[in-house]
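Geometric and topological summary
Each chain is listed here by its residues.
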Amino acid sequence: AQRVTQPEKLLSVFKGAPVELKCNYSYSGSPELFWYVQYSRQRLQLLLRHISRESIKGFTADLNKGETSFHLKKPFAQEEDSAMYYCALSAWGSRLTFGEGTQLTVNP
Amino acid sequence: EAGVTQSPTHLIKTRGQQATLRCSPISGHTSVYWYQQALGLGLQFLLWYDEGEERNRGNFPPRFSGRQFPNYSSELNVNALELEDSALYLCASSRWDGELFFGEGSRLTVL
């Protein structure tokens, strides 16, 4: 069975500080990993996916198969990054499994 | 391009009643997913439909059911409502590469 764990429900940092949102997964095969974000009063949307290797809004995430992790990082947090972040895993032909989410607050 | 649309936005029911939620996917998307977002519990997978067929089902009782119509729109039905069914129900559709596009959700309140 596939499982995604986000150990921090709440994370608070100051503007300009680095931020890392942790995500660990369990799956025996080769998963595809995603980060979705939900800003206040907006719908849930894709932030980035590991296969694209893109940096979106300054965020990056590296898939570490040895540690089964897909942590989301940004070197300098901005107030507009405050949102709910969900890590998600997809196995081929299977539905997307989400973690419980991390509420990020960036303080001025 | 119109996004995923869900109706109703809000729904208030009493225990034991039935609720029906509707979802229209983005044009060209054939897969529809339903998730429950209850307070403090994150996103729990409910159902996945593709090409009119149920492909996968989450760990929910049988009173949660749904269907997908020939135009790929979908319905989620919840029978014998219980208080703990109160939640935001999100629908998403996907394109070929697996990215999910979410609707704004239907908030169900069971009194």
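Scope of this entry: the structure provided in the associated data block. As the structure is a computational prediction, the values presented were derived from the model and not from experiment. (Residues numbered from 1 in each chain as written. Chains lettered and ligands numbered in written order. Predicted model: local features only at pLDDT ≥ 70, side-chain atom pairs only at ≥ 80, totals over all residues. Heavy atoms only, no water.)

This part takes up the state of the cysteines. Summed over all chains, the structure comprises two disulfides over all chains. Disulfide partner of Cys23 of chain A: Cys87 of chain A, at an S-S distance of 2.0 Å. Judged by the torsion about the S-S bond (-65 degrees), the Cys23 of chain A/Cys87 of chain A disulfide is left-handed. Taken together, the residues Cys23 of chain A in the loop between strand S3 (19-21) and strand S4 (24-26) and Cys87 of chain A in strand S9 (residues 83-90) connect sequence positions 64 residues apart. Using a relative accessible area of 0% as the deciding quantity, one classes Cys23 of chain A as buried. A sulfur-sulfur distance of 1.8 Å marks the disulfide that ties Cys23 of chain B to Cys91 of chain B. Around the S-S axis, the bridge from Cys23 of chain B to Cys91 of chain B shows a dihedral of about -65 degrees and counts as left-handed. With Cys23 of chain B in strand S3 (residues 19-24) and Cys91 of chain B in strand S9 (residues 87-94), the pair connects residues that are 68 residues apart, well separated along the chain. (Disulfide = S-S within 2.5 Å. Helix = DSSP H or I, 4+ residues; strand = E, 2+ residues; numbered from the N terminus. Buried < 20%, exposed > 50% of the residue type's maximum accessible area, 1.4 Å probe, protein only.)

Glancing now at the nonpolar core. Core analysis: the biggest nonpolar cluster contains 24 residues, and Trp35, Leu72 and Tyr85 of chain A have the highest contact counts within it. Those elements that provide at least two residues to this core are strand S2 (10-14), S3, strand S5 (32-38), strand S6 (45-49), S9 and strand S11 (102-107) of chain A. Broken down by element, this core gets its largest block of residues, four residues, from S9 of chain A. In terms of nonpolar packing, the next biggest core, distinct from the first, is built from 22 residues, Ile26, Trp34, Leu47 and Ala87 of chain B among them. (Core = buried A, V, L, I, M, F, W, Y, C linked by side-chain atoms within 4.5 Å.)

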